[in-house]
Amino acid sequence: MILNLLELSRKNKQALMILFDIFAIIASIFISFAIRLGYWFHPVGDEKLLLLMFGAPLLAIPFFIQFGFYHTVIRYAGFQAVWRIIQAITIYALIWGLISFMANAQGIPRSVIIINWFFLTIVIVGSRLFARWLFSQVSINNKLLIKKNVVIYGAGSAGRQLCNALNESEHFKSVAFIDDSEELLNHSIIGLKVFSRDALETLIKKDNIKEVLLAVPSISRSKRREIINFLEPYPVVVRSLPGLTELAQGKVKINDLLEIDVSDLLGRESVKPNKNIMKTNIANKVVFISGAGGSIGSEICRQVLLNNPKKIVLYEISESSLYLIEKELMYLNDLKIDIIPTLGSVTDKARLQDIFQLHGVQTIYHAAAYKHVPLVESNQSQGVMNNLIGTWVIAEEAIASNVETFVLISTDKAVRPTNVMGASKRGSELILQALAALPINTCFTMVRFGNVLDSSGSVIPLFREQIKKGGPITITHKDIVRYFMTISESVELVIQAGAMAKGGEVFLLDMGDPVLIYDLAVKMIKLSGLQLRDENNLDGDIEINYIGLRPGEKLYEELLVGAKSKPTENPLIMCAEEKMISWEKLEPILIDIKEASINETTEKIYTLLNLLVPEYKKDKRSSIII
């Protein structure tokens, strides 16, 4: 029967609630008389009193409608709904009592008005709360959902809000709080006791805790990392509370509690960007972003949009990627900034010339590149054409169109490269360095950094997918290490570095300490509530397989070609002091490389890349595929 009630239309449910309230209003008046007089009262022959008693719903129901009684979803009724009920019943009871006295109806004790108010409040509020409890239980049982017992780490404001939200969740049941504050220990908050972290192991065993939910949004990243390291050995899934702003705006549901952000494992504190510097090359300017649909390019688009450009020109060779980033930016575009989606290749000279002159481009962020090392290693000619020759083409067109600023997104793989991708990016740096030394109006600069978390081709999404499928996780080598940085932070630093440029600088981003990929994989396994399966734990869940270094891949990456760098005003940005090649010597090599790439002459490409980048050492495992 209750299931049938849940399946009724909204209007039918409202009609049933009104009928119930009409019965409750009339019944409460009769019961109020009975309580006051001590016997069951029958107003036989008193027409005024009969009219007042049976006509009371005509007075009360309009108030109830006005106060939103029948627009509240019972299953989610809270304190605000109860308060509105009390307000409406109070007004109704007072007016009913006033009308009764004005009508000069005989036999109505004044205390009946108070008893009527009290009794009707109990009935109406009680019925709503009982229905809320009943419907919630039936809904959960009907869906055969078993709630997971969880512990909330953090008993502050965020933790309390999370606990309240979990009370409406069909997936989680809060069992206890854990907090590092001694002032809160052994106290009860929203019915849950606060424990120290030392009690976690006992709670896991006693209450069958499956997950720990972090509700500590305001702590530093180093402290957050310390908490995550503490939780790592326990067989629980660790999730993070979505931002409270996102929860308030309805962008994130409580059932979408996030898996722990891998950026928290890095433990390095980010430096807040200088907003004035961020705007230098963007505010009221026409900004062109190549590779706009890629991982880095799309984040550049988002941050450029936040800094009030005059116009954004999105340049992308992939139609689907261009469509997605344009759609996202249009949704975020509160200021109605012109967003121009443009399909094209960075090697198309005529196309770039037309776009630069048509839109009056002032700032360029050149993020378009083939970055996947093994793929470029197997398609050398296309990698060189896109990365190296493409940079040459777009740079010369920038000069011809008097573009003010040109920022190249480079990579740590450009340092002593062992692969075509790295060599092509180092060659791109040399192009900009040589052009910057000429008497031109365009300020060329480049920013070199390592891997960004969750970018396309990154190990992070690969590991997540492998864990989701039950493993194994594949790693090329147990000792392989990489530098990591979040996409948003890397782009903030790229934009700031570009604003500090005078011309020809190679900026380096402080990537923190290198991360052992094996350790990263193990942490991700454990923070997913699973165990590593190895020779020491044959009953574990996920094993790690080593597949060997891929063609062109190194065990570790570097950020400096030479040995010198100097600091800048931003502690996370350094300026490298490196050798360069004059344009007179560089241009003939570029012409030969372009011809070899067009003709797909693989061995000649390798020879010329080595001439251009003497540090380049071809990996003997590189496949000869063009």
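What counts and how
Residue positions are given per chain, counted from 1 along the sequence in the order it is written. In keeping with the model being predicted, local features are shown solely for residues with a pLDDT of at least 70 and side-chain atom pairs are shown and tallied solely at 80 or more, while totals for entire chains, interfaces and linings include all residues. Where side-chain values are given, they derive from all heavy atoms of the structure, hydrogens and water being excluded. By nonpolar core is meant a set of buried Ala, Val, Leu, Ile, Met, Phe, Trp, Tyr and Cys residues that side-chain atoms within 4.5 Å join together. Relative accessibility decides the category of a residue: with a 1.4 Å probe and only protein chains considered, values under 20% of the type maximum give buried, values over 50% give exposed, and everything between is partly exposed. Runs of H or I in DSSP of at least four residues are treated as helices and runs of E of at least two as strands, each being numbered from the N terminus. The contact criterion used throughout is that any non-hydrogen atoms of two residues lie within 4.5 Å. Any two strands are treated as partners once DSSP identifies two or more bridges connecting them. Here the axes come from fitting lines to C-alpha atoms, over the contacting stretch only for helices, and the angles between their N-to-C directions go from 0 to 180 degrees. Within 6.5 Å between ring centres, the rings of Phe, Tyr and Trp (the latter by its six-membered ring) count as paired, and their orientation is classed by plane angle as stacked under 30 degrees, edge-to-face over 60, tilted in between. To obtain the arc, one takes the directions from the helix axis to the C-beta atoms. Any helix carries an expected span of 1.5 Å times its number of residues minus one.

## Description of the nonpolar core
(1) Moving on: Membership of the largest hydrophobic core comes to 51 residues, with the highest contact counts inside it found for Phe288, Ile364, Leu388, Phe406, Ile431, Ile593 and Leu609.
(2) Moving on: No other element matches helix 16 (residues 380–400), which puts nine residues into this core.
(3) Moving on: Once residues within four sequence positions are removed from consideration, isoleucine 364 is found in contact with Phe288, Phe356, Ile394, Ala398, Val403, Thr405, Phe406 and Val407.
(4) Moving on: Membership of the second largest hydrophobic core comes to 41 residues, among which are Val287, Ile289, Val304 and Phe449.

## Describing the sheet that holds strand 9 (residues 311–316)
(1) Moving on: In space, the nine strands of this open sheet follow the order 10-9-8-11-12-13-18-23-22, with mixed pairing throughout. Looking at which strands have only one partner, the edges of the open sheet turn out to be strand 10 (338–343) and strand 22 (565–567). For this sheet, the mean inter-axis angle between neighbouring strands, taken without regard to orientation, is 25°.
(2) Moving on: Here strand 13 (residues 443–449) pairs with strand 18 (residues 506–509) via three bridges, running parallel. Bridge pairing in strand 18 links methionine 446 to valine 506.
(3) Moving on: The strands touched by helix 14 (residues 349–359) are strand 8 (286–290), strand 9, strand 10 and strand 11 (363–366); relative to strand 9, the strand with the most contacts, the crossing angle is about 170°.

## Examining the packing of aromatic side chains
(1) Moving on: Enumeration according to the criterion identifies five aromatic pairs in this entry.
(2) Moving on: Judged by centre distance (6.4 Å) and plane angle (65°), the rings of tryptophan 392 and tryptophan 583 are edge-to-face. Taken together, the residues span a long stretch of sequence, with tryptophan 392 in helix 16 and tryptophan 583 in helix 21 (residues 583–598) at a distance of 191 residues. Taken as a pair, tryptophan 392 and tryptophan 583 share a single burial class, namely buried.

## Here we look at the environment of serine 597
(1) Moving on: Within the secondary structure, serine 597 is located in helix 21.
(2) Moving on: C-alpha separation for the pair serine 597 and glutamine 380, spaced 217 residues apart in sequence, amounts to 8.0 Å.
(3) Moving on: Here serine 597 is in contact with Ser381, Val384, Met385 and Ile605, once residues within four sequence places are set aside.

## Some remarks on helix 7 (residues 157–166)
(1) Moving on: Residues Ala158, Gly159, Leu162, Cys163 and Leu166 constitute the buried set of helix 7. Down the axis, helix 7 shows its buried residues gathered within 135° of arc, on one side only.

## What to know about helix 17 (residues 420–436)
(1) Moving on: Compared with an ideal rise of 1.5 Å per residue, which puts 17 residues at 24 Å, helix 17 spans 24 Å between its outermost C-alpha atoms and is within 8% of the ideal.
(2) Moving on: Counting buried residues in helix 17 gives 16 out of 17 residues, a clear majority hidden from the surface.

## Description of the environment of serine 28
(1) Moving on: Structurally, serine 28 can be placed in helix 2 (residues 10–37).
(2) Moving on: Judged by its relative accessible area of 0%, serine 28 falls in the buried class.
(3) Moving on: Between the C-alpha atom of serine 28 and that of isoleucine 115, which follows or precedes it by 87 residues, the distance is 8.6 Å.

## Focus on the sheet that holds strand 20 (residues 532–533)
(1) Moving on: In space, the three strands of this open sheet follow the order 15-21-20, with parallel pairing throughout. Each edge of the open sheet is held by one strand with a lone partner, namely strand 15 (473–475) and strand 20.
(2) Moving on: Summarising the sheet, strand 15 and strand 21 (residues 542–546) pair through three bridges and their orientation is parallel. Bridge pairing in strand 21 links isoleucine 473 to isoleucine 544.
(3) Moving on: Against the sheet, helix 18 (residues 459–468) contacts strand 15 and strand 21, and its axis sits at roughly 145° relative to strand 15.
(4) Moving on: This element, helix 20 (residues 517–527), spans strand 15, strand 20 and strand 21 of the sheet and lies at about 160° to strand 21.

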